[in-house]
Amino acid sequence: MSNQPETALVTTTRVSCDGAKDIPGGAALGHPRVWLEIDERGYVDCGYCDKRFVLKGSPADGADQSQLDDVASGASR
C-alpha cells in the first residue's frame, strides 16, 4: 500500500478542491471547497484531504513526490 497522496497535474496556479470530484454524489461526500494557490515550488497540498496539485512544467512536475515536503496553500517555508 502506498502512502503517497493522490496527485493531480494542473495547468493553472489557482485550483479548487472539494475532496469529491471523482466520487459519485459529489461534494456532500467530500469536504468544503477550498481554493489553493501554487507558488514557485510548483505544487500545493489540500489541507483537508492531502491531495497534491502539481503545476505542469514546474520544478515539481516529474519529481519524486514522496521526496517533496507537504505544502499547504499560504504556508511559509
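It should be emphasised that the depicted structure is a prediction, and the values quoted were computed from it without experimental measurement. (Residues numbered from 1 in each chain as written. Predicted model: local features only at pLDDT ≥ 70, side-chain atom pairs only at ≥ 80, totals over all residues. Heavy atoms only, no water.)

**Observations concerning the sheet that holds strand S5 (residues 52–55)**
Working step 1: Reading across from one edge, S1-S5-S4 is the order of the 3 strands in this open sheet, with mixed pairing throughout. Each edge of the sheet is formed by a strand with only one pairing partner; in this case those strands are strand S1 (7–10) and strand S4 (43–45). Here the average twist between neighbouring strands, direction ignored, is 20 degrees. (Pairing = 2+ DSSP bridges. Helix = DSSP H or I, 4+ residues; strand = E, 2+ residues; numbered from the N terminus. Axes fitted to C-alpha atoms, helices over the stretch in contact; angles between N-to-C directions.)

**Some points on the nonpolar core**
The nonpolar side chains of a soluble globular protein tend to be buried, and buried together.
Working step 1: Counting 11 residues, the largest nonpolar core is built from Ala8, Val10, Val15, Cys17, Val34, Leu36, Ile38, Val44, Cys46, Phe53 and Leu55.
Working step 2: Not counting the four nearest positions on each side in its chain, Phe53 is found in contact with Ala8, Val10, Val15, Ser16, Cys17, Leu36, Ile38, Gly42, Tyr43 and Val44. (Core = buried A, V, L, I, M, F, W, Y, C linked by side-chain atoms within 4.5 Å. Buried < 20%, exposed > 50% of the residue type's maximum accessible area, 1.4 Å probe, protein only. Contact = heavy atoms within 4.5 Å.)

**Comments concerning the state of the cysteines**
Working step 1: Overall, the coordinates contain 0 disulfides when judged by the stated rule.
Working step 2: Cys17 takes part in no disulfide bond, and the closest cysteine sulfur, belonging to Cys49, lies 3.6 Å away.
Working step 3: A relative accessible area of 3% places Cys17 in the buried class. (Disulfide = S-S within 2.5 Å.)

**Details of the environment of Asp50**
Working step 1: Turning to its location among the elements, Asp50 is positioned in the loop between S4 and S5.
Working step 2: Each C-alpha atom of the pair Asp50 and Thr7 lies 9.0 Å from the other, and the pair is 43 residues apart in sequence.

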